[in-house]
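Residue-level structure breakdown
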Amino acid sequence: MQENKTLSRAEKLDRIFGTPVCAVLLAIFCNVLWGSAFPFIKLGYRLFAIDSSSTASIFCFAGVRFMLGSFLVLLGSVLLQSRLPKFPRGKVAAECCALGLWQTTTQYAFYYIAVAMLTGAFGGILNSTQSFLGVIFAHFIYGNADRMTPAKTLGCVIGFAGVETGFAFESFYQRQLVWGLCGLGCMLLATLIFTLSGPWNKSVTKKADSFAVCFINLFVGGLALFVLGTVLGGSLHVQSALAVVVMLYLAFICGAGYVLWALLMKNNPVSRIAIFGFVNPVVNVLLSAVLNGEPLFRWQYLAALVFVCVGIWLVNKAPAKKEGK
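Residues numbered from 1 in each chain as written. Predicted model: local features only at pLDDT ≥ 70, side-chain atom pairs only at ≥ 80, totals over all residues. Heavy atoms only, no water.

With that out of the way, let us pick up the nonpolar core. In this structure, Ile41, Tyr45, Phe61, Phe66, Tyr111, Tyr112 and Leu264 are the most contacted members of the largest nonpolar core, which totals 80 residues. Ignoring any residue separated from it by four or fewer positions in sequence, one finds Tyr112 in contact with Ile41, Tyr45, Ile58, Phe61, Ala62, Arg65 and Phe66. (Core = buried A, V, L, I, M, F, W, Y, C linked by side-chain atoms within 4.5 Å. Buried < 20%, exposed > 50% of the residue type's maximum accessible area, 1.4 Å probe, protein only. Contact = heavy atoms within 4.5 Å.)

What follows is the structure, given as structure tokens:
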């Protein structure tokens, strides 16, 4: 009886996340959270006295964040499902661990290095290329089921033009072309891994409890980052209480973001929620100016931001239904 009751709660949760209005609001909320991540990570580096060249300490910082986020996933399961998630076993459990090492450890190793090398504004703009790479890969992976359209092609062209505009100013602003190129390469690799992880993540959540998948992904991936950073000689030094608050907020971002997005992806067509990805770079640029004193009203950044947002909207806009079809 208790099992049936639990299942009915899970089904009710799926219905809530599948409701268009709720899905839209939650998709915007997720992108606001993710948009705030880049500037808060840069703020965290300062509060934990992490030098931009200390890759080992950067990995320790990332590892702690994701492990804390994984326990928030368990808390979310208790609050939303009134129970701890049912953890998978055997091959499915191994697949969840492999996904964590790929999507969390590998992706965020490159991502956190890029954060140290780039300004928050440009990093957020550059990270938005996942929207464009996603539709390009989908065309070749899924063929006619998700083919390129004139609107998607135009969106990709406009979006990458925005990235190019932002990079030109980034190099000028930092006056370190090689440093900027390294950051660009790391962020593109992180974005590529994120894009390729999407279909795999969605496939795994169909085989196991979404909360369990998120927990294993974050905990295993975060633990691997922390161990790697510690072996390389990294460490963390808390400079103030604010440092702890920032770390907890970053943990909340990844914990809440992973859970909410997994449930949204499970219960909605991609076009309904992905189109709100333009919120991410907007929040990123604004908070980078507020928290880290980066330039906001520079036409190069504003132009890049507009191009990227328009591109994201175009590539994710659902095609109009033909009458009589």
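Past the structure itself, the notes keep going.
Our next topic: the confidence of the model for the protein. With 81% of its residues at a pLDDT of at least 70, the protein reaches an overall mean of 81. Of all helices and strands in the protein, the one with the weakest mean pLDDT is helix H1 (residues 2-18) (66), whereas helix H9 (residues 210-231) scores best (94). Segment residues 1-5 is flagged for pLDDT under 50; beyond a separation of four residues in sequence, or across chains, it makes zero contacts in the model. The low-confidence segment residues 320-325 (pLDDT under 50) makes zero contacts with residues lying over four places distant or belonging to another chain. (pLDDT = per-residue confidence, 0-100. Helix = DSSP H or I, 4+ residues; strand = E, 2+ residues; numbered from the N terminus.)

Next up on the list: the side chain of Thr104. Mapped onto the secondary structure, Thr104 falls in helix H4 (residues 90-117). The class for Thr104 is buried, based on a relative accessible area of 0%. Beyond its immediate sequence surroundings of up to four residues, Thr104 is in contact with Phe66, Leu99, Ala109, Asn217, Leu218, Gly221, Gly222, Leu225 and Tyr258.

A grouping of Phe29, Leu72, Leu75, Leu79, Leu80 and Phe252 is seen on the molecular surface, where their side chains present a nonpolar patch of about 530 Å² in accessible area. The element that contributes the greatest number of residues to the nonpolar patch is helix H3 (residues 55-81), accounting for four residues. (Patch = residues over 30% accessible without salt bridge, like charges linked within 9 Å, V, L, I, M, F, W, Y side chains within 5 Å. Areas by Shrake-Rupley, 256 points an atom, 1.4 Å probe, with all protein chains shown as cover. Salt bridge = Lys/Arg side-chain N within 4 Å of Asp/Glu carboxyl O.)

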